Amino acid sequence: MGREGDQPAVTGGSGTVSTTTSEWSGTSGGGPVSRGPAGLGLGLCLTVVAVAFESIAVATAMPVAARDLDGLSHYAWSFSAFGVGMLFSTVAAGRACDRVGPAAPLRAGLLVFILGLLVAATAEQMAQLVAGRLVQGLGSGVIGTAVVVCVARAYREDERPRMFTAISTAWVLPAFAGPPVAALVTESWGWPWVFVSVVPLVLLGGALVLPRVRGLTQERRNPDDPAGGARPAPLWAAALVALGTVALQVAGQRLDAFALVLLVVGAAALVLGLPSLMPGCFTRFGRGLPAVIITRGLLAGAFVGGEAFLPLMLVEEKGLALVWAGAALTAGSVGWLAGSWLQARPWLRLRRDRIITLGCSAVVCGLASVALNALTASLPGGYVALGWVVAGFGMGLATSSTALAVMSLSRVAEQGRNASSLNLSDALGSALLVAGAGTVFAALSRGGNLPTAFGTLLLAVTAVSLLAVLASLRIGALSPPGAAVSDETPPAFVRSTESSGGTA
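Conventions used here
- Residues numbered from 1 in each chain as written.
- Predicted model: local features only at pLDDT ≥ 70, side-chain atom pairs only at ≥ 80, totals over all residues.
- Heavy atoms only, no water.
- Helix = DSSP H or I, 4+ residues; strand = E, 2+ residues; numbered from the N terminus.
- Buried < 20%, exposed > 50% of the residue type's maximum accessible area, 1.4 Å probe, protein only.
- Contact = heavy atoms within 4.5 Å.
- Areas by Shrake-Rupley, 256 points an atom, 1.4 Å probe, with all protein chains shown as cover.
- Core = buried A, V, L, I, M, F, W, Y, C linked by side-chain atoms within 4.5 Å.
- Axes fitted to C-alpha atoms, helices over the stretch in contact; angles between N-to-C directions.
- Parallel < 35°, antiparallel > 145°, perpendicular 65-115°, else oblique.
- Left-handed = near helix turned anticlockwise from the far one by under 90°.
- Expected span 1.5 Å × (residues − 1).
- Bend = angle between axes of the 7 residues up to and from the residue.
- Salt bridge = Lys/Arg side-chain N within 4 Å of Asp/Glu carboxyl O.
- Patch = residues over 30% accessible without salt bridge, like charges linked within 9 Å, V, L, I, M, F, W, Y side chains within 5 Å.

S.K.: What is the right way to read the overall build of the protein from this model?
M.R.: Across its full length, the protein holds 15 helices and two strands. By residue count, 60% of the 504 residues in the protein fall in the buried class. Of all intrachain contacts in the protein linking residues separated by at least 6 positions in sequence, the fraction that spans at least 24 positions is 84%. Only carbon and sulfur atoms are counted for the fraction: they give 66% of the accessible area of the protein, which is about 18600 Å².

What follows is the structure in structure tokens.
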């Protein structure tokens, strides 16, 4: 306190935080200056295009792959294994980005991702396909964390919403070509070529982005910051959470007496490991940063839990061709793009926390509509696309906004750790909800009653998205998208009470 450049205290929840502008992401003592190398935005977007194409293409081809490998009963594992891989790698990537910058982790993530594609493409058993998806998740978790850190360190705070709109656009673009291309490749050459076709895209994205992120090295810590940056997240905790997630899914798949033991072990692993990977006040559901991260995990889990079974529902229950099942995913991506575009408009005067709540509410409405369609066998499958547009719109609003909130709540030395906490919550929510949905589907589909099985699992994820709405109300007042950002104003977001010692 009293140093030159100190800003007024920012109050939020029951804690008060006094900050220096230079401690906060995207600013320096002389004011926020964009440091992004020329072409960095294009390179990051092309990298995202490659990963997004894999996501949408694999989701389209997976019903055929599961049937060919006689692994329909383990269908959920092909998605939850991806999330389990992300659980560990996001933590490792956050530590690496804070220590050496995002360049080296991004390069490693791209290489691991390619390895996972090749393992899956050569699978002759469902177990190998699941293993390939696990390796892909390891690579994707590193890539996702490194991209967020690149944006945080290379762009001013007022530039970031537009950058996230560009990244969301890059994520959506493959949705227009991905499903029909994946369906055509699957029907013409076989599903393994869907994985192989992604490799050149990853190589191209890496070739464009890696030379441009070499300058984004480790950030110099503020010498006046007594905390000296955030405590690195322990890798043992990440491994414990990943193993706990696996134990919970195995318990759900077994549905026998031993499942209870696995359930207790898995829950205990999460209780022991998760607090060390999250910001302070997380276990007490604190306002600010903890509430943002909890909201993101619940919302991502609900959406991905529904998305994983959407093509399967349309193919198996509604009898649609694979290309039309993929088109439903495309419709959701269009809604996602619209939501992401809207959240970055400077004329949108809603506070950022209210944008997040609005997005969560839209996901509730979209998932509920899809669940109703699944339970009503007489409704054509084409109506699913309408509900999925609404759900995608909500994800576009909330996903970009939660990422922006975490950036503005983070000091420079904490960007990697907090970005990994956000991605970890995203991956954990996705893995647990896909596992839960898989358990519901495995239990209810044994009698051949597909409408009940799909409808029940979709109602379950709808309930989780409703919890995300309630969690978003705990975030607290955040500045709207058009709020001015300068070196003479305090951060737009209220930081977690972790730094103040306050309670939530």
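Don't stop here, the text continues.
S.K.: What is the right way to read the side chain of Thr 402 from this model?
M.R.: Tracing the chain through its elements places Thr 402 in helix α13 (residues 384–408). Once you skip the residues sitting within four places of it in the chain, Thr 402 turns out to touch Val 292, Arg 296, Ile 356 and Leu 422.

S.K.: So what exactly am I meant to see when it comes to the nonpolar core here?
M.R.: Membership of the largest hydrophobic core comes to 134 residues, with the highest contact counts inside it found for Leu 129, Trp 191, Phe 195, Phe 309, Leu 310, Met 313 and Phe 454. Leaving out residues up to four positions away in the same chain, Phe 195 has contacts with Val 58, Met 62, Leu 117, Ala 120, Ala 121, Leu 129, Arg 133 and Gln 136.

S.K.: Which parts of the structure should I look at to understand the packing of helix α1 (residues 40–68) against helix α10 (residues 289–316)?
M.R.: A packed helix pair is summarised by two numbers, namely the angle formed by the two axes and the spacing between the axes. α10 packs onto α1 with a crossing angle of 60° between their chain directions and a minimal axis gap of 8 Å. Classified by the angle between their axes, α1 and α10 sit oblique to one another. In this structure, α1 meets α10 at a crossing whose hand is right-handed. Where α1 abuts α10, its residues Ala 59, Pro 63 and Arg 67 lie against Pro 311, Leu 312, Val 315 and Glu 316.

S.K.: Please clarify how helix α2 (residues 77–100) should be interpreted in this entry.
M.R.: The periodicity of an α-helix, 3.6 residues per turn, causes residues three or four places apart in sequence to face the same way. Here α2 contains 24 residues, and its C-alpha end-to-end distance of 34 Å stays within 8% of the 34 Å for a straight helix at 1.5 Å per residue. A maximum bend of about 25° is found in α2 at Ser 89. Counting buried positions along α2 gives 18 out of 24 residues, so the element sits mostly inside the fold.

S.K.: Can you walk me through the pattern of salt bridges in this structure?
M.R.: Should their charged atoms come close, side chains of opposite charge can pair. Counted under the stated rule, the structure contains three salt bridges. When the shortest N-O distance is used, the salt bridge between Asp 426 and Arg 296 registers 2.9 Å. With a gap of 130 residues between them, Asp 426 in helix α14 (residues 415–444) and Arg 296 in helix α10 connect regions that are remote in the sequence. The pair formed by Asp 426 and Arg 296 is uniform in burial state, with each residue classed as buried.

S.K.: Would you mind showing me how to read the packing of helix α3 (residues 103–121) against helix α4 (residues 126–154) here?
M.R.: Packing of α3 against α4 brings their axes to within 7 Å, and their N-to-C directions diverge by 160°. Relative to α4, the element α3 lies roughly antiparallel. As α3 packs across α4, the resulting crossing turns out to be left-handed. Every residue of α4 that contacts α3 at Pro 105, Leu 106, Gly 109, Leu 110, Val 112, Phe 113, Leu 115, Gly 116, Leu 117, Val 119 and Ala 120 is listed here: Gln 128, Leu 129, Ala 131, Gly 132, Val 135, Gln 136, Leu 138, Gly 139, Ser 140, Val 142, Ile 143 and Ala 146.

S.K.: Help me understand a nonpolar patch on the surface, please; the structure alone is not making it clear to me.
M.R.: On the surface, a cluster of nonpolar side chains totalling about 270 Å² of accessible area is made up of Leu 173, Phe 176 and Val 334. Tracing the chain through its elements places Leu 173 in helix α5 (residues 160–188).

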